[in-house]
Amino acid sequence: MGYKAKFRVWRGEGGDGKLEDFTVEVNEGEVVLDVIHRLQATQAPDLAVRWNCKAGKCGSCSMEINGKPRLGCMTRMSTFEEADTITVTPMRTFPVIKDLVCDVSFNYQKAREIPSFTPPADVRPGEYRMQQIDVERSQEFRKCIECFMCNNVCHVIRDHEENKTNFAGPRFLMRIAELDMHPYDVADRKDAAQEEHGLGYCNITKCCTEVCPEHIKITDNALIPMKERVVDRKYDPLVWLGNKIFRR
Ligand code: SF4
Ligand code: F3S
Ligand code: FES
């Protein structure tokens, strides 16, 4: 059965904006993105919203619904009471371009800063032989749809704009962990993780894991193991001795 829902939506460009109230029709089986589209079609034709697949796979429709990072296309209206007012705002950690659309280029910049997969020079594609467990480990991380909700929710940059230069965010620390765990990657990821990408800023609050729509265990399977790898390196007596001898 259809009903009329109360929506409060962020409207504005750049740093300026305000919440605007709307009453919008909702039909059975709809998701928040459906209602936003109806709002566009019937009352606010210039409302900006980014989306693409409407299937939870492109990562475009990230927004904050009642203050929580969610995919608009995967948030069923049936999870709310009919009397609820549903507040929809853009992701808070990135600059707003217009309405619900943010500039997420911070994330692309961080992606560019991570050197790509670096296999040994003497092994050619087709010659890699990996254990199944190594394949499965990275497969979990490869489920990422780059919605950037984990980076959006992490307090290290959500509450501290000044940390953005030094912190890649959970999505890209996970990418570094994935590469470091790859048996054929020979790049030195550990020092870079700590010194260039801010692994040490993560204090394991797990907010990133809680919001991941792909249910990737970002903290337990990527960030904590990566921290352990960095520490192992630091306290490995051979590495310590090597550093003493060669880094004078
Ligand atoms: Fe989104 Fe999860 Fe990928 Fe983070 S790890 S960008 S929350 S899919
Ligand atoms: Fe941030 Fe996730 Fe660590 S939310 S503090 S990166 S566990
Ligand atoms: Fe693609 Fe929502 S529109 S994830």
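Residues numbered from 1 in each chain as written. Chains lettered and ligands numbered in written order. Predicted model: local features only at pLDDT ≥ 70, side-chain atom pairs only at ≥ 80, totals over all residues. Heavy atoms only, no water.

**Concerning the sheet that holds strand β3 (residues 62-65)**
The sheet built from 5 strands is open, its strands ordered β2-β1-β5-β3-β4 with mixed pairing. Every other strand in the sheet has two partners, leaving β2 (18-26) and β4 (68-71) as the edge strands with one partner each. This sheet shows a mean twist of 35° between the axes of neighbouring strands, independent of strand direction. As paired elements, β3 and β4 share 4 bridges and run antiparallel to each other. Bridge assignment links Met-63 to a residue of β4, and that residue is Arg-70. Each of β1 (3-11), β2, β3 and β5 (85-89) is contacted by helix α1 (residues 32-42), which is oriented at about 100° to β2, the strand it contacts most. (Pairing = 2+ DSSP bridges. Helix = DSSP H or I, 4+ residues; strand = E, 2+ residues; numbered from the N terminus. Axes fitted to C-alpha atoms, helices over the stretch in contact; angles between N-to-C directions. Contact = heavy atoms within 4.5 Å.)

**Details of empty space enclosed by the protein**
Using the criterion set out here, one finds 2 cavities of 30 Å³ or more in the structure. Taken as a whole, the largest cavity spans an internal volume of roughly 110 Å³. For the lining of the largest cavity, the elements supplying multiple residues, two or more each, are α4 (149-153) and α6 (169-181). Per-class residue counts for the lining of the largest cavity are 12 nonpolar, no polar and 3 charged. (1 Å grid on protein atoms, 1.4 Å probe; cavity = no way out; pocket = protein on both sides within 12 Å on 5 of 7 lines; lining within 4 Å. Points joined across faces, edges and corners; volume = space filled by probe spheres on them. Nonpolar A, V, L, I, M, F, W, Y, C, P; charged D, E, K, R; others polar.)

**Focus: the environment of Glu-196**
Looking at the element boundaries, Glu-196 is found in the loop between α7 (189-195) and α8 (207-211). C-alpha separation for the pair Glu-196 and Asn-166, spaced 30 residues apart in sequence, amounts to 6.4 Å. Excluding residues that lie within four positions of it along the chain, Glu-196 makes contacts with Asn-166 and Asp-191.

**What about the domain arrangement of the protein?**
Once the domains are mapped, the protein shows domain 1 (3-102) and domain 2 (105-246). Placing the centre of domain 1 and that of domain 2 at their C-alpha centroids yields a distance of 32 Å. In this complex, domain 1 contributes 14 residues to the contact, which on the side of domain 2 involves 18 residues. Of the roughly 1,200 Å² buried where domain 1 meets domain 2, counting both sides, 53% is carbon and sulfur surface. Looking only at domain 1, the three residues that lose the most surface to domain 2 are Pro-69, Thr-93 and Phe-94, adding up to 45% of its buried area. Taken together, the connections running from domain 1 to domain 2 amount to 3 salt bridges. Across the salt bridge formed by Arg-92 and Asp-159, the nearest N and O atoms sit 2.8 Å from each other. (Domains from an automatic or database assignment. Buried area = accessible area lost by both parts, 1.4 Å probe. Salt bridge = Lys/Arg side-chain N within 4 Å of Asp/Glu carboxyl O.)

**Examining unusual backbone geometry**
You will see that Glu-146, though not glycine, has its phi angle at about 55°, which is positive. Note on placement: Glu-146 falls in the loop between α3 (132-141) and α4. With a phi close to 70°, Lys-206 is a non-glycine residue in the positive phi region. Checked against the element boundaries, Lys-206 lands in the loop between α7 and α8. A residue is classified by how much of its surface remains accessible, and Lys-206, at 32% relative accessible area, is partly exposed. (Buried < 20%, exposed > 50% of the residue type's maximum accessible area, 1.4 Å probe, protein only.)

**Considering the site of ligand 2**
By nearness alone, every residue bordering ligand 2 is listed as Cys-154, His-155, Pro-170, Cys-202, Asn-203, Ile-204, Thr-205, Lys-206, Cys-207, Cys-208, Thr-219 and Leu-223. Assessed atom by atom at 2 Å from the grid points, ligand 2 resides in the second largest cavity. When residues of the shell around ligand 2 are traced back to their parent elements, those giving at least two are α8 and α9 (218-235). For the shell around ligand 2, the residue count by class is 7 nonpolar, 4 polar and 1 charged. (Near = heavy atom within 4 Å. Sits in = over half its atoms within 2 Å of the grid points.)

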